[in-house]
Amino acid sequence: MNYRSFLKSEWLTLVRRKQDTINALLFFVMVILLFPLGVDPSKAFLEPASGGIVWCAVALSILMAVESMYKEDFNDGSLEQWLTSGLSLPYLVFLKVFVQWLVVIVPLLLVLPLLANMLFFPIEQLMVMISTLLLGTPALFFIGAIGSALTVSLRRGAVLMLLLILPLYIPVIIFATGAIRAAQSGMSYSGQLAILAAISLTALVLSPLMAALSIKASMN
Amino acid sequence: MSVNLQINNFWIERNERQLCRDLSFSVSDGELVRIAGDNGAGKSSLIKAILGWIPIEEGLIRLNGEDITHNRDLLLFDQIYLGHTPGIKSILSVNENLRMYCPNASEVALNEALQQVNLELFDDTPAAQLSAGQKRRVALARLWLTKKRIWFLDEPFTALDAHGVAALEAKIQSQLESGGAVVITTHQPLYHLSPKTVELTP
């Protein structure tokens, strides 16, 4: 096994398992649809709330996607092979999270303009929302990867994992929606974007190391 | 190709239970070591401890004279480990699974390896459709595709038919003859191989 063949097989696995990607996408669309239907379809409510709605939906569908990301590798013995391959485990984790991110986020970004329009989100500020998603979602994936690695050997680890990582999602959501709100009221939002990027970069450096440690501990 | 793996005074405990203490043995080129013991005696754990993902309480491990107790990378690069669950992805085909583990193998070598394990007709079959024995044979095909000096085979004969057992025994024999070493755990009798036995007693 080398890094390239690992990346290729991860990619193939995700592409073959289309239903997981489609589930995350459908979930995202459904959560967003619930707000105008269930709360208030008026522009006065939806326009200021749109950033928060989109980000909550994104965070929830990412949680769904990362929750069981190593489950199958654990069950079929692939994790043992990662450990004994002599390759760097943090780097393998990084590659896996990167592929997952790509496969989940690209479809979300593709349907985003339509949903944003439905929420009366001003189309000229769509780039701000897309920037917050591009800069903020890597953090959600990398943080989720730690929680998923910690609970990989537990039979019912999903709830425990949610409790572990949801608090860590809060800062990302606060700064992302903060940036969108600032943009909507005509203020500068580069500060929030910079913090989002900083959180993602920190997660990118720390999470593979911590996830690798957790996987090692789980394999005991 | 010469290799010498020395295990000195291994002490392994799991869940407050002592699996072995002061266990020492060595594996060198051309040697087959069989780890013996009852169910639950810790045969798999011993292999995992050698490979470094179960911590040892005490002990020293040397590869070709070099102390690798704290960093097993040298050993990891030079071995194949096949465990109870052989790491075969059910969504990928037989060919893709082998390509993942052995990216440098040529198409000819790959076909030859599949022939050896009697899977030449299943090249493009998703592993999900294979039986347990066939999945194990996919994993075993890796032994034909990579040159590594030490093999750690944990119960490699489970679910294999008579033909598969004979082929694997022959492959182990040729690995030993070419100067490699094999560590194996199995309860089945070995017909053509004469291993050195390491007994695990609590």
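About the cut-offs
Residues numbered from 1 in each chain as written. Chains lettered and ligands numbered in written order. Predicted model: local features only at pLDDT ≥ 70, side-chain atom pairs only at ≥ 80, totals over all residues. Heavy atoms only, no water. Helix = DSSP H or I, 4+ residues; strand = E, 2+ residues; numbered from the N terminus. Buried < 20%, exposed > 50% of the residue type's maximum accessible area, 1.4 Å probe, protein only. Contact = heavy atoms within 4.5 Å. Areas by Shrake-Rupley, 256 points an atom, 1.4 Å probe, with all protein chains shown as cover. Lys, Arg positive; Asp, Glu negative; His and termini not counted. Charge placed at Lys NZ, Arg CZ, Asp CG, Glu CD. Pairing = 2+ DSSP bridges. Right-handed = clockwise from strand over helix to strand, strands pointing away. Axes fitted to C-alpha atoms, helices over the stretch in contact; angles between N-to-C directions. Expected span 1.5 Å × (residues − 1). Arc of directions from axis to C-beta. Buried area = accessible area lost by both parts, 1.4 Å probe. Salt bridge = Lys/Arg side-chain N within 4 Å of Asp/Glu carboxyl O. Polar contact = N/O pair within 3.5 Å; in protein donor to acceptor, adjacent residues only side chain to side chain. Nonpolar A, V, L, I, M, F, W, Y, C, P; charged D, E, K, R; others polar. UniProt positions renumbered as here; feature names shortened; annotations may be inferred.

Participant: When you look at the overall build of chain A in this model, what are you seeing that I'm missing?
Facilitator: If you tally the helices and strands in chain A, you get nine helices and zero strands. The linear arrangement of helices and strands in chain A, starting from the amino end, is α-α-α-α-α-α-α-α-α. Summarising its shape, the C-alpha atoms of chain A cover approximately 55 × 35 × 30 Å along the three principal directions. Residues counted as buried form 51% of the 220 residues belonging to chain A. Pairs at least 24 apart in sequence give 82% of the contacts found in chain A among residues at least 6 apart. Of the roughly 10000 Å² of accessible surface on chain A, 72% is carried by carbon and sulfur atoms. The distance from the centre of the 12 positive side-chain charges to the centre of the 10 negative ones in chain A is 6 Å.

Participant: Would you explain the pairing of strand β8 (residues 181-185) of chain B in this entry?
Facilitator: Consecutive side chains of a regular strand alternate in pointing toward one face of the sheet and then the other. Residues and elements named next belong to chain B. Most of β8 is tucked away, with five of its five residues classed as buried. With four bridges joining them, strand β3 (residues 32-36) and β8 adopt parallel strand pairing. Within β8, the position partnered with isoleucine 35 by the bridge is threonine 185. Bridge count for strand β7 (residues 150-154) against β8 is five bridges, and the pairing is parallel. Looking across to β8, one finds that isoleucine 150 is bridged to alanine 181. Each parallel crossover has a hand, and for β7 linked through helix α6 (residues 162-177) to β8 it is right-handed.

Participant: Which parts of the structure should I look at to understand the sheet that holds β3(B)?
Facilitator: Residues and elements named next belong to chain B. Pairing is parallel in the open sheet, where five strands are placed in the order β6-β7-β8-β3-β9. Where the open sheet ends on each side, the last strands, each with one partner, are β6 (79-82) and β9 (196-199). When strand polarity is set aside, the average angle formed by the axes of neighbouring strands in this sheet is 15 degrees. Across the face of the sheet, helix α1 (residues 43-51) comes into contact with β3, β6, β7 and β8 while running at roughly 150 degrees to β7. Sheet strands in contact with α6 are β3, β7 and β8, and its direction is about 145 degrees off that of β8.

Participant: Quick question: what am I supposed to make of the sheet that holds strand β1 (residues 4-14) of chain B here?
Facilitator: Strand pairing in a sheet relies on backbone hydrogen bonds. The paired strands run either parallel or antiparallel. Residue and element names in this part refer to chain B. Taking strand neighbours across the sheet as the criterion, the four strands line up as β2-β1-β4-β5 in an open arrangement whose pairing is antiparallel. Each having just a single partner strand, β2 (17-28) and β5 (66-67) make up the two edges of the open sheet. As paired strands, β1 and β2 are joined by eight bridges and run antiparallel to one another. Across the sheet, isoleucine 7 pairs through a bridge with phenylalanine 25, a residue of β2. Of the strands in this sheet, β1, β2 and β4 (58-63) are in contact with α1, which crosses β1 at around 120 degrees.

Participant: Which parts of the structure should I look at to understand helix α1 (residues 3-16) of chain A?
Facilitator: Side chains that are three or four residues apart share a direction in an α-helix, a result of its 3.6 residues per turn. All names here are of chain A. Its 14 residues give α1 an end-to-end C-alpha distance of 20 Å, which sits within 8% of 20 Å, the value for a rise of 1.5 Å per residue. Listing the buried residues of α1 in full gives Ser5, Phe6, Ser9, Glu10, Thr13 and Leu14. Angular distribution of buried residues about the axis of α1 spans 165 degrees; they occupy a single face of the element. When the buried face of α1 is taken as reference, the exposed residues oriented beyond 90 degrees from it are Arg4 and Lys8.

Participant: Explain the interface of chain A and chain B here, please?
Facilitator: It is common to give the size of an interface as the accessible area that goes away when the parts come together. With 24 residues of chain A in contact, the opposing surface of chain B contributes 28 residues. Interface area for chain A against chain B, summed over the two sides, is near 2200 Å², with a carbon-plus-sulfur share of 51%. Our count for the chain A to chain B interface comes out at four salt bridges. Here Lys48(B) and Glu80(A) are joined by a salt bridge, their closest N and O atoms 3.9 Å apart. One can count 13 residue pairs in polar contact (both at pLDDT 80 or more) joining chain A with chain B. Breaking the side of chain A that touches chain B down by element, the ones donating at least two residues are α1, α4 (71-75) and α5 (78-84) of chain A. Take the side of chain A that touches chain B: its biggest share by element is six residues, from α1(A). Taken together, the residues of the side of chain A that touches chain B break down into four nonpolar, twelve polar and eight charged.

Participant: Whenever I open this one, the UniProt feature "transmembrane region" (unreviewed entry) in chain A confuses me. Can you help?
Facilitator: Residue and element names in this part refer to chain A. The sites that UniProt annotates as "transmembrane region" (unreviewed entry) are residues 21-39, 51-70, 91-116, 128-152, 159-180 and 192-215. Secondary structure content for residues 21-39 is 95% helix and 0% strand, and the end C-alpha separation is 27 Å. Counting secondary structure, residues 51-70 comes out at 85% helix and 0% strand; the distance between its end C-alpha atoms is 31 Å.

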